[in-house]
Amino acid sequence: MGCSSLINITLPESLTTIGISAFFRCYSLTSITIPDKVTTIGGGAFAICSSLTSFSGKYASSDQRCLVMDGKLVAFAPSGLTAYTIPHGVTMIGVSAFEYCTNLTSITIPDGVTMIEDSSFFNCSKLTNITIPDGVTTIGYYAFYECRSLTNVYCKPTTPPTLGSNVYKYPVVAIHVPQASVEAYKSADGWSEYADKIVGYDF
């Protein structure tokens, strides 16, 4: 954590666990191979590793940009990307998975996602809009906090997802929800905080 000059590291084949925030803020780390015996990767293990271009080994996605464990995207290699489509098959976006991906202007979340965990997109400062798929049931706290360019949120679920605290921060202009669900969103726990920004939309 915070080894800002670390460019590469070889993890031992005997390794089974990578802990919470293990490589957090390792700004110079460019790639990493996950050994086959690893069974646990903690939240934010590779958050704010802005020079990461690829993962290889166990849990690496086919494009080598993500680590996906049992459907949960736990880490992302952001270097050089301004847009990204999360791979199909992902059902959860893990804690701090895209935290401080400050060059991303666009990200596509696939329909299979049901949960967006805490701080998933914290301070994605160039992200301008986001579409929440209709299968999402939970959005964790600070999920889109400090996304300073985020002006429009398109939220497809007809039933308001469970919402953590401080999910959004201004300058969100509008939260677009299904026309028939406007009042449900405006009165739901958490969502009521943004009632003046909730508007109906025909998806």
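Conventions and cut-offs
Residues numbered from 1 in each chain as written. Predicted model: local features only at pLDDT ≥ 70, side-chain atom pairs only at ≥ 80, totals over all residues. Heavy atoms only, no water. Helix = DSSP H or I, 4+ residues; strand = E, 2+ residues; numbered from the N terminus. Buried < 20%, exposed > 50% of the residue type's maximum accessible area, 1.4 Å probe, protein only. Contact = heavy atoms within 4.5 Å. Salt bridge = Lys/Arg side-chain N within 4 Å of Asp/Glu carboxyl O. Core = buried A, V, L, I, M, F, W, Y, C linked by side-chain atoms within 4.5 Å. Pairing = 2+ DSSP bridges. Axes fitted to C-alpha atoms, helices over the stretch in contact; angles between N-to-C directions.

1. Considerations on the overall build of the protein
Then, in step 1: Per the secondary structure count, the protein includes 1 helix and 16 strands.
Then, in step 2: Counting only C-alpha atoms, the protein reaches 55 × 30 × 25 Å along its principal axes.
Then, in step 3: Scored against the burial criterion, the 203 residues of the protein give a buried share of 45%.
Then, in step 4: Counted over contacts in the protein with a minimum sequence separation of 6, partners at least 24 positions apart contribute 30%.

2. Some thoughts on the side chain of Ser125
Then, in step 1: By secondary structure assignment, the location of Ser125 is in the loop between β10 (115–116) and β11 (129–132).
Then, in step 2: For Ser125, a relative accessible area of 16% gives the class buried.
Then, in step 3: Not counting the four nearest positions on each side in its chain, Ser125 is found in contact with Thr102, Glu146, Cys147, Arg148 and Ser149.

3. A short note on the pattern of salt bridges
Then, in step 1: The full count for this structure, using the stated rule, is 2 salt bridges.
Then, in step 2: Residue Lys72 is joined to Glu117 by a salt bridge in which the shortest nitrogen-to-oxygen separation is 3.3 Å. Of this pair, Lys72 sits in strand β6 (residues 72–76) while Glu117 sits in the loop between β10 and β11, and the two are 45 residues apart along the sequence.
Then, in step 3: The closest approach of N and O atoms between Glu146 and Arg148, which form a salt bridge, is 3.4 Å.

4. Side note on unusual backbone geometry
Then, in step 1: A positive phi is found at Arg25, a non-glycine position, where the angle reads about 60°.
Then, in step 2: Relative to the helices and strands, Arg25 is located in the loop between β1 (17–18) and β2 (31–34).
Then, in step 3: Under the relative-accessibility criterion, Arg25 is labelled partly exposed at 31%.
Then, in step 4: We note that Asn123 has phi near 55°; this positive angle belongs to a residue other than glycine.
Then, in step 5: Among the secondary structure elements, Asn123 is positioned in the loop between β10 and β11.
Then, in step 6: A relative accessible area of 4% means that Asn123 is categorised as buried.

5. Points about the nonpolar core
Then, in step 1: Core analysis: the biggest nonpolar cluster contains 41 residues, and Phe98, Ile116, Ile139, Phe144, Tyr168 and Trp191 have the highest contact counts within it.
Then, in step 2: For this core, the elements supplying multiple residues, two or more each, are β6, β11, β13 (152–155), β15 (174–178) and α1 (182–187).
Then, in step 3: Those residues within four positions of Phe144 in sequence are excluded, and the remaining contacts are Ile116, Phe121, Ile130, Ile132, Ile139, Leu150, Val167 and Tyr168.
Then, in step 4: If you look at the next biggest cluster of nonpolar residues, it comprises 20 residues, including Leu11, Phe23, Met69 and Ala75.

6. Let's talk about the sheet that holds β15
Then, in step 1: Taken in spatial order, the 4 strands of this open sheet run β11-β13-β15-β16, and their pairing is parallel. The open sheet terminates on both sides in strands that have one partner only, identified here as β11 and β16 (198–201). Geometrically, the sheet is characterised by an average inter-axis angle of 25° between neighbouring strands, direction not taken into account.
Then, in step 2: Sheet analysis places β15 next to β16, joined by 4 bridges and oriented parallel. Of the residues in β16, the one forming a bridge with Pro178 is Tyr201.

7. Section: the environment of Tyr185
Then, in step 1: By secondary structure assignment, the location of Tyr185 is in helix α1.
Then, in step 2: The spatial distance from the C-alpha of Tyr185 to the C-alpha of Ile198 is 7.5 Å, given a sequence separation of 13 residues.
Then, in step 3: Beyond its immediate chain neighbours, meaning those up to four positions away, Tyr185 contacts Cys155, Pro157, Thr158, Thr159, Pro160, Pro161, Val177, Pro178, Trp191, Ser192 and Ile198.

Purely spatial values, then, with no claim about function.
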